[in-house]
Amino acid sequence: TQLLEQSPQFLSIQEGENLTVYCNSSSVFSSLQWYRQEPGEGPVLLVTVVTGGEVKKLKRLTFQFGDARKDSSLHITAAQPGDTGLYLCAGQYNQGGKLIFGQGTELSVKP
Amino acid sequence: DARVTQTPRHKVTEMGQEVTMRCQPILGHNTVFWYRQTMMQGLELLAYFRNRAPLDDSGMPKDRFSAEMPDATLATLKIQPSEPRDSAVYFCASGLVHQPQHFGDGTRLSIL
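Quick caveat: nothing in here was measured; it's all calculated off a predicted structure.

Reading the values: rules and limits
- Residues numbered from 1 in each chain as written.
- Chains lettered and ligands numbered in written order.
- Predicted model: local features only at pLDDT ≥ 70, side-chain atom pairs only at ≥ 80, totals over all residues.
- Heavy atoms only, no water.
- Helix = DSSP H or I, 4+ residues; strand = E, 2+ residues; numbered from the N terminus.
- Buried < 20%, exposed > 50% of the residue type's maximum accessible area, 1.4 Å probe, protein only.
- Contact = heavy atoms within 4.5 Å.
- Areas by Shrake-Rupley, 256 points an atom, 1.4 Å probe, with all protein chains shown as cover.
- Disulfide = S-S within 2.5 Å.

Caption draft 1: The overall build of chain A, seen in detail. When helices and strands are counted, chain A shows zero helices and eleven strands. Of the regular secondary structure in chain A, the N- to C-terminal order runs β-β-β-β-β-β-β-β-β-β-β. C-alpha atoms of chain A, sized along the principal axes, occupy 40 × 30 × 25 Å. Every one of the 111 residues in chain A was classed for burial, and the buried ones make up 44%. Sequence-distant contacts in chain A: of pairs separated by 6 or more residues, those separated by 24 or more amount to 55%. Accessible surface computed for chain A: about 5200 Å², of which carbon and sulfur atoms make up 50%.

Caption draft 2: Seen up close, unusual backbone geometry. Residue and element names in this part refer to chain B. Between threonine 7 and proline 8 the backbone carries a cis peptide bond, its omega angle lying at -10 degrees. The topology assignment puts proline 8 in the loop between β1 (5–7) and β2 (10–13). Here the amide bond leading from glutamine 80 into proline 81 is cis, since omega sits at -5 degrees, within 30 degrees of zero. Mapped onto the elements of the fold, proline 81 is located in the loop between β8 (74–79) and β9 (88–95). At asparagine 51, a position not held by glycine, the phi torsion is positive, near 50 degrees. Mapped onto the elements, asparagine 51 comes out in the loop between β5 (42–50) and β6 (53–56). Among the residues examined, asparagine 51 registers a relative accessible area of 57% and is labelled exposed.

Caption draft 3: View of the state of the cysteines. Residue and element names in this part refer to chain A. As enumerated under the stated definition, the model contains two disulfides over all chains in all. Shown here is the disulfide that connects cysteine 23 with cysteine 89, its sulfur atoms set 2.0 Å apart. Taking the sign of the S-S torsion, 75 degrees for the link of cysteine 23 and cysteine 89, the bridge is right-handed. Separated by 66 residues along the polypeptide, cysteine 23 in strand β3 (residues 19–24) and cysteine 89 in strand β9 (residues 85–92) bring together distant segments of the chain. As far as the burial class goes, cysteine 23 and cysteine 89 line up, both buried.

Caption draft 4: Structural context of the environment of A:Val49. Residue and element names in this part refer to chain A. If you trace the backbone, valine 49 turns up in strand β5 (residues 44–49). We classify valine 49 as buried; its relative accessible area is 0%. Counting along the chain gives 15 residues from valine 49 to tryptophan 34, while the straight-line C-alpha distance between them is 8.7 Å. Not counting residues within four places of it along the chain, the set of residues in contact with valine 49 comprises Ser31, Leu32, Glu54, Lys56 and Phe65.

Have a look at this one:
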């Protein structure tokens, strides 16, 4: 049983399109993190959201934490080929504790 | 930039052999995590340490896996004996309680 369900698992789009990745759970997390992973490398943290309803922006990326702190979304505006990679959401029950990862979304942005 | 260093980056060996993976956490980080990534299961936590003491190893098969921190600059993950189903990428991450985890680039393990 996956505690964090990510969707879609695969996404192939054209440069300039918008996309949204979803991360859903029945559990309440104290924080939720989004990572990006490239082939042959470890995940790199993009953002941490901690407050229900919180919205954070990182250039063309917008992250939202659900009001109940059970779900999150990542929206990318005007995707570019450099956005290609594996996007992972991860929930944490307490600060400094273990991360529960979703299965990931493999994004491919074609020029 | 400080980085988590994992060695070896790649390991191919035959089933039944002992495998040792090493991790050098970022200096000053007091929490070290071991994760395993496969296509089927994604990223799963195997074990983690704080101030060198094991806090949670519930994700680790106890009969063949062992994790230790001989000192604050080295964490090890051993598999003995190894099996083909252990083939995966093993990641180490380090951090502080109120700071995010930093991941190494992993050890890609293939058991033939």
